[in-house]
Amino acid sequence: MERNMVGQWIGRYQGSADGRLMINIDQVGSHLEGVAYVMPDDRNLPSSVGRFATKSTGNEHVSEAFINPVDPRSGFQCQWDDIKHLYSDQVHHSSEAKISLKLENEKLIVVANSSEGFYWESTLSRPISNSQSKVTSTVKSWKDFKDYLSGFSKSKYLFRGQREPWRLRTSFHRKGRYRISEFTSKDVKQLHKRLSAITKHYFNLEVPDQNGSFFNLLQHHGYPTPLLDWSYSPFVSAFFAFRDLPQNYDGDGYVRIYIFNSEAWINNYTQIQNLDPPCPHLSVMEFIAIDNPRLVPQQAVTTVTNIDDIEAYLLEKAKDDKVAYIQAIDIPANEREHVMRDLRFMGITAGSMFPSIDGVCEELRETNF
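Residues numbered from 1 in each chain as written. Predicted model: local features only at pLDDT ≥ 70, side-chain atom pairs only at ≥ 80, totals over all residues. Heavy atoms only, no water.

Moving on, we come to the packing of helix α2 (residues 142–149) against helix α6 (residues 234–242). Two elements in contact, α2 and α6, have axes whose closest approach is 12 Å; the angle formed by their N-to-C orientations is 155 degrees. Classified by the angle their axes make, α2 and α6 are roughly antiparallel. Like other packed secondary-structure pairs, α2 and α6 cross with a definite hand, here right-handed. Facing Trp-142, Phe-145, Lys-146 and Leu-149 of α2, the residues of α6 in contact are Pro-234, Phe-235 and Ala-238. Its residues assigned to classes, the contact of α2 with α6 comprises six nonpolar, no polar and one charged. (Axes fitted to C-alpha atoms, helices over the stretch in contact; angles between N-to-C directions. Helix = DSSP H or I, 4+ residues; strand = E, 2+ residues; numbered from the N terminus. Parallel < 35°, antiparallel > 145°, perpendicular 65-115°, else oblique. Left-handed = near helix turned anticlockwise from the far one by under 90°. Contact = heavy atoms within 4.5 Å. Nonpolar A, V, L, I, M, F, W, Y, C, P; charged D, E, K, R; others polar.)

Turning to the packing of aromatic side chains, a few remarks are in order. Taken as a whole and assessed by the stated rule, the structure comprises 17 aromatic pairs. Aromatic side chains Trp-142 and Phe-235 sit 6.1 Å apart centroid to centroid with 75 degrees between the ring planes, which places their arrangement in the edge-to-face category. Here Trp-142 is found in helix α2, whereas its partner Phe-235 is found in helix α6, with 93 residues between them in sequence. Taken together, a centroid distance of 5.0 Å and an interplanar angle of 65 degrees make the contact between Tyr-148 and Phe-152 edge-to-face. With relative accessibility at 29%, the residue Tyr-148 sits in the partly exposed group. Following the ring pairs from residue to residue traces out a cluster consisting of Trp-230, Phe-260, Trp-265, Tyr-269, Tyr-313 and Tyr-325. Above the ring of Tyr-148, the side-chain terminus of Lys-140 is found at 4.6 Å from the ring centroid. (Phe/Tyr/Trp six-rings, centres within 6.5 Å; stacked < 30°, edge-to-face > 60°. Buried < 20%, exposed > 50% of the residue type's maximum accessible area, 1.4 Å probe, protein only. Lys NZ or Arg CZ within 6 Å of the ring centre and 35° of its normal.)

Okay, here's the thing in structure tokens:
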């Protein structure tokens, strides 16, 4: 099947100025809608966010883009009159541009001409459509994995368990959506309206802590979000890796535990609370547990990101910084019964991870059947 332009495209642009570019495109009915984030290398020029829509889902388009500058102090979009005093009198910002987009050999060729005479062009790539992880793994038995953990700092690392070595992606991106601006402006408002009649607490989305807690509540109840769950506990992560395997599994597959050096990442990169900043980002967030009793027993931490291919981003930064930000351990899946027994002795069960009727029933089903 021929692929259209839907996806996330990241690369560089050249022209009146050079810089980095990220374009997110979704299919909306019979046409495409996109958001472009333009980030000049020259700090004396403002970043911009442009929105555009096409007339079809084809592989070649000419469209008008409507552009807002980004306030460098807050990271939010604004009007040019609000920030032009921060820049030289010679700097002007366009409100509109004509852009052409062409999909050719799995590359997106983009040319933009703005109303102020600014010109740039770019050839962009998107992540390869492959669910398998790019992170090189090490195979360890459950005993060797526990021994390996003895050398780890408690606060330096985060862990994530998965039944298979799928690449790291948020549920939002796995569902084939890319414009987080639409998620925040439409999905969140719909969900807030409906859930406010159900939750004991009224979430004030203007308060950052409550806003983050609301997103985390959605995540933990199955709604696709641009969040990815981690835990401070490698054993909680192991529970989630082995949990959905059949009891007495005797196959030759492996489960995966990802290990993220979050301390180094936080030290090297600004952590951004804005869910949709005008640049690629991966930020580590701890949300307060409002109406979400799962958060504490799971020792949960969340990464928030607008990046589809998280692994490629981490591996690229690891190469640049010469820091191993991400690693993976694969454990034989046929060790399931041994692992789950060990975890029960640690108090890590479905009943403790999911304090609810469903969690207790799952725990006792595991024990009694």
